[in-house]
Amino acid sequence: MIVVIDYGMGNLRSVSKALEFLGATVRVSGKARDVDRAAAVVLPGVGHFGAAERNLAASGLREAVVRAIQSGKPFLGICLGLQLLFDGSDEAPRSKGLGILRGRVGELDRGGRRLKLPHMGWNRAQFRNGSGEFFYFVHSYAPVPVDRDVIAAETEYGARFVSAIEWENVLACQFHPEKSQAAGLRFLRERFLRPNGLL
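So, here is what we can say about the structure in this document. Since we're looking at a predicted model, the values are computed, not measured.

### Quick notes on helix 4 (residues 61-70)
Here's step 1: Burial analysis of helix 4 places seven of its 10 residues in the buried class, the great majority of the element.
Here's step 2: Residues Leu61, Arg62, Ala64, Val65, Val66, Ala68 and Ile69 constitute the buried set of helix 4.

Set out below in structure tokens:
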């Protein structure tokens with residue numbers, strides 16, 4: 001059973017439907033005990049870093065997410081679910097991230113170009129194995145990891161930013177695979193579900 005965490009800020013239906021379409025067994029839940037019992041965990045997210053951190057803490061889900069990752073369960077973070085893995089964000093300087101990965105989340109560096117924020121629409125994620133795919137993005141911030149070895153993919157929007165990370169049992173992406181049509185389904189199947197025996 002994959003638990004998609006409901007902490008009031010996720011694109012829950014789209015994420016769960018994409019995973020179910022691929023053949024996975026999914027439950028959407030806001031209960032820490034369900035996260036503890038899950039075979040794998042998905043942390044989606046849309047919105048403000050500070051509000052997300054407060055919602056996770058208030059619901060008891062913050063500790064459950066950390067326990068799940070530390071136990072070695074397969075973990076997928078999407079958009080804000082990627083950003084929350086880090087120490088903190090310039091979007092909400094007083095809020096603390098989960099601290100799973102060292103580094104902070106900063107506003108996108110547009111390389112001095114007059115590009116709009118949020119960065120919204122289709123853009124190419126270039127993976128470290130040389131492959132590249134177009135995914136759907138909606139964000140104004142992206143993580144800056146201390147350890148660059150965790151970077152799985154980068155994307156160009158004026159300047160390069162981190163668009164996916166892989167570290168031990170953790171996979172996370174800044175783009176929305178559930179909104180990225182065939183490329184998003186391939187990402188979920190080939191990088192999350194199949195490698196972790198979830199199909």
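This is not the end of the story, as more comes after the structure.
### Description of the packing of aromatic side chains
Here's step 1: Using the criterion set out here, one finds eight aromatic pairs in the structure.
Here's step 2: On the basis of an interplanar angle of 85° and a centroid distance of 5.8 Å, the ring pair of Phe137 and Phe161 is categorised as edge-to-face. Residue Phe137 is located in strand 9 (residues 132-139), and its partner Phe161 is located in strand 12 (residues 159-167); the two are separated by 24 residues in the primary sequence.
Here's step 3: We classify Phe137 as buried; its relative accessible area is 0%.
Here's step 4: By relative accessible area, Phe161 is classed as buried at 6%.
Here's step 5: Of the aromatic side chains, those joined through ring pairs into one cluster are Phe127, Phe135, Phe137, Phe161, Phe175 and Phe187.
Here's step 6: A cation sits over an aromatic face here: Arg191 above Phe127, 4.0 Å from the ring centre.

### Focus on the environment of Gly72
Here's step 1: If you trace the backbone, Gly72 turns up in the loop between helix 4 and strand 4 (75-78).
Here's step 2: Once the C-alpha coordinates of Gly72 and Val170 are considered, the two residues, 98 residues apart in sequence, prove to be 8.5 Å apart.

### Side note on the side chain of Ser180
Here's step 1: Within the element layout of this structure, Ser180 appears in the loop between strand 13 (170-173) and helix 6 (181-193).
Here's step 2: A residue is classified by how much of its surface remains accessible, and Ser180, at 1% relative accessible area, is buried.
Here's step 3: Ignoring any residue separated from it by four or fewer positions in sequence, one finds Ser180 in contact with Trp122, Phe135 and Tyr136.

### Here we look at the pattern of salt bridges
Here's step 1: According to the stated counting rule, one finds 15 salt bridges in the structure shown.
Here's step 2: Measuring nitrogen to oxygen at the nearest pair gives 3.9 Å for the salt bridge that ties Lys17 to Glu20. Placement of the pair is Lys17 and Glu20 together in helix 1 (residues 12-21), with a separation of three residues, close to one helical turn.
Here's step 3: Here Asp87 ties to Arg102 by a salt bridge, and the two come within 3.0 Å at their closest N and O atoms. Taken together, the positions of Asp87 in the loop between helix 5 (80-83) and strand 5 (88-89) and Arg102 in the loop between strand 6 (92-96) and strand 7 (103-107) put the pair 15 residues apart, joining distant regions of the chain.
Here's step 4: Looking at Asp87, the relative accessible area reads 26%, which means it is partly exposed.
Here's step 5: Residue class for Arg102 comes out exposed when judged on its relative accessible area of 57%.
Here's step 6: Through salt bridges with shared partners, a single network forms among Arg148, Glu154, Glu156 and Arg160.

### Observations concerning unusual backbone geometry
Here's step 1: Here the residue pair Leu117 and Pro118 is connected by a cis peptide bond, since its omega of 0° sits within 30 degrees of zero.
Here's step 2: Mapped onto the fold, Pro118 is located in the loop between strand 7 and strand 8 (119-127).
Here's step 3: Positive phi is not limited to glycine here, since Gln181 has a value of about 55°.
Here's step 4: Examined against the element boundaries, Gln181 turns out to sit in helix 6.

Rules and cut-offs
- Residues numbered from 1 in each chain as written.
- Predicted model: local features only at pLDDT ≥ 70, side-chain atom pairs only at ≥ 80, totals over all residues.
- Heavy atoms only, no water.
- Buried < 20%, exposed > 50% of the residue type's maximum accessible area, 1.4 Å probe, protein only.
- Helix = DSSP H or I, 4+ residues; strand = E, 2+ residues; numbered from the N terminus.
- Phe/Tyr/Trp six-rings, centres within 6.5 Å; stacked < 30°, edge-to-face > 60°.
- Lys NZ or Arg CZ within 6 Å of the ring centre and 35° of its normal.
- Contact = heavy atoms within 4.5 Å.
- Salt bridge = Lys/Arg side-chain N within 4 Å of Asp/Glu carboxyl O.

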